[in-house]
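Fold and contact review
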Amino acid sequence: MTIETNKPAFGVLDGVKIVYSAVELAAPKACDLMADWGADVTWLENTGAGDTIRDTPWIKQAERRNQRSVSLNYFSEEGKEILFKMIKDADIFIEASKGGTYAKKGVTDEVLWEHNPKLVIVHVSGFGQEGEPAMVNRAAYDLTVMAYSGYMCQNGTQEQPMNPGPYAGDYFNTLMIASSTLAALYRAQKTGKGESIDLAMYETLLSIGQYYLVDYLNADVIWPRPGARNQNLCAIGEYKCKDGFIGLCVYGVDQNKYLLESIGLGHLWGSEEIPEDCSALWLSNPHAKEIERKLEAYCEANNRRDIEADFAAHRIAAQIVMEFPDLVEEEHLKARKVWLDWETEDGSTFHGLNVFPRFKNNPGQVWRPMPRLGQDSADVLSKLGYSEDEIAALAENGVVKLG
């Protein structure tokens, strides 16, 4: 198929130009979101094998749509010149690497601002651009920043911490990257002065995980890892049913009363320990273990859909734990047009997700599939003013790779 090179006009970010250099998940997914929302996005890949996401069979198609691929040795002298030309009319430059990598190669914020004073620069790293040198220079992945941040220690069982998946540390950071980038862009467009963001992935996770962290900081309280249940409340967590699992969050006066009646403990309602205005069934309650045992037995004796329907009708937050086949068959997802098919570069059909969230007046869209490695190198360089002979020479010298 012929892949379009000029982005059509659409979306809330139409007119915003982004150049990024990053591999795998956190930063590229942020750029993927902004591309879906209408930004003009160019993906810088190395001249070797390119982004390691290319080794995956499916996710690469889902998270590299709506982008161009330029394969560039951006730390070579000629490569730097190309990078500087690329960011000259860009709004945003995002790079993900160990802290200080770009500065060590002579690509400092100040150098970039010499070419574009309004540029928003985003440095994404595991541990930040400054601090203890051993940490700044440490390699980082989703799992290791989860471990360092204290987020992992809050998940799993009492016997062992566990990493929440899939790659939650990366994807939490995706949202922080996108939000902080657009916040900085707003200010840059107001003032005409660029911004540089030092986004340490572990700090995002500190922020996400502070719910129980502040209990320790202020009162030395360390809650146990919850496993499949809440740390301090009954009837909140995942429960096994006759035919699968259900997620329950029973909270509120009427909800607690109905729960106790349903599991055969209605006589406890209005007691000294569980008064009629009881909105939370704390694990410190003397009846907590009995409530949990009865609820477990009730769930195991009934089908998940029956419990869900009954509890939902009584304003209890209850939802079956959807497996992938459940998602595909779910009528609500179909009604909201969650699924989307698009044609890939090789002409096959890819089945994936639509653009989220939904913008009413300026909707996002999918306008091109994931490109081949370096597929857009020649086109982008020609628009920067390079001739065919110059592009061929750059390719021969290994500065760029043509796809």
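For the structure itself, consult the block above.
To keep things clear, this report deals only with the structure shown in the data block. Since this is a predicted model, take the numbers as computed values, not measurements.

**Some points on the pattern of salt bridges**
Applying the stated criterion to the full structure yields 19 salt bridges. Residues Arg-68 and Asp-40 are paired through a salt bridge, measuring 2.5 Å at the closest nitrogen-oxygen approach. Taken together, the residues Arg-68 in strand E3 (residues 67-72) and Asp-40 in strand E2 (residues 40-45) connect sequence positions 28 residues apart. Asp-40 shares its class with Arg-68; the two are buried. Salt-bridge contacts for Arg-368 lead to Asp-376; the nearest nitrogen and oxygen are separated by 2.9 Å. Taking the relative accessible area as the measure of exposure, Arg-368 reaches 2% and is therefore buried. Assessed through its relative accessible area of 1%, Asp-376 is described here as buried. Ionic contacts of the salt-bridge type, sharing partners, join the residues Arg-229, Glu-292 and Glu-296 into one network.

**Describing the nonpolar core**
Of all hydrophobic cores here, the largest spans 43 residues; its most connected members are Ile-18, Ile-94, Val-124 and Ile-177. At seven residues, helix H1 (residues 26-36) tops the list of elements feeding residues into this core. When residues no more than four places from it in sequence are discounted, the contact partners of Ile-177 are Ala-26, Ala-27, Ala-30, Ile-94, Val-124 and Leu-199. Ranked by size, the runner-up nonpolar core spans 26 residues in total, among them Ile-246, Leu-260, Ile-291 and Cys-299.

**Comments concerning a nonpolar patch on the surface**
On the surface, Tyr-216, Leu-217 and Ile-222 cluster together to form a nonpolar patch covering roughly 350 Å² of accessible area. Within the secondary structure, Ile-222 sits in the loop between helix H10 (210-219) and strand E7 (236-241). Residue classification places Ile-222 among the exposed positions, given a relative accessible area of 67%.

**Brief notes about the side chain of Asn-66**
For Asn-66, the location among the structural elements is in the loop between helix H2 (59-63) and E3. For Asn-66, a relative accessible area of 0% translates into the label buried. A polar contact of 3.0 Å, which involves the side chain of Asn-66, links it to the side chain of Asp-36. Once you skip the residues sitting within four places of it in the chain, Asn-66 turns out to touch Ala-35, Asp-36, Val-41, Gln-365, Val-366, Trp-367, Arg-368 and Pro-369.

**So, H1**
An α-helical segment advances 3.6 residues per turn. Residues three or four places apart therefore align on the same side. Across the eleven residues that make up H1, a large majority, eleven, are buried. Within H1, burial applies to Ala-26, Ala-27, Pro-28, Lys-29, Ala-30, Cys-31, Asp-32, Leu-33, Met-34, Ala-35 and Asp-36.

**Here's the deal with the packing of helix H7 (residues 142-149) against helix H9 (residues 201-208)**
Describing two packed helices takes the angle between their axes plus the distance from one axis to the other. Two elements in contact, H7 and H9, have axes separated by 9 Å at closest approach and are oriented at 55°. With respect to their mutual orientation, H7 and H9 come out oblique. Crossing handedness for the pair H7 and H9: right-handed. Each of Val-145, Met-146, Tyr-148 and Ser-149 in H7 lies in contact with H9, whose residues at this interface are Met-201, Tyr-202, Leu-205 and Leu-206. Across the contact of H7 with H9, the residue classes tally to seven nonpolar, one polar and no charged.

Quick notes on the rules
- Residues numbered from 1 in each chain as written.
- Predicted model: local features only at pLDDT ≥ 70, side-chain atom pairs only at ≥ 80, totals over all residues.
- Heavy atoms only, no water.
- Salt bridge = Lys/Arg side-chain N within 4 Å of Asp/Glu carboxyl O.
- Helix = DSSP H or I, 4+ residues; strand = E, 2+ residues; numbered from the N terminus.
- Buried < 20%, exposed > 50% of the residue type's maximum accessible area, 1.4 Å probe, protein only.
- Core = buried A, V, L, I, M, F, W, Y, C linked by side-chain atoms within 4.5 Å.
- Contact = heavy atoms within 4.5 Å.
- Patch = residues over 30% accessible without salt bridge, like charges linked within 9 Å, V, L, I, M, F, W, Y side chains within 5 Å.
- Areas by Shrake-Rupley, 256 points an atom, 1.4 Å probe, with all protein chains shown as cover.
- Polar contact = N/O pair within 3.5 Å; in protein donor to acceptor, adjacent residues only side chain to side chain.
- Axes fitted to C-alpha atoms, helices over the stretch in contact; angles between N-to-C directions.
- Parallel < 35°, antiparallel > 145°, perpendicular 65-115°, else oblique.
- Left-handed = near helix turned anticlockwise from the far one by under 90°.
- Nonpolar A, V, L, I, M, F, W, Y, C, P; charged D, E, K, R; others polar.

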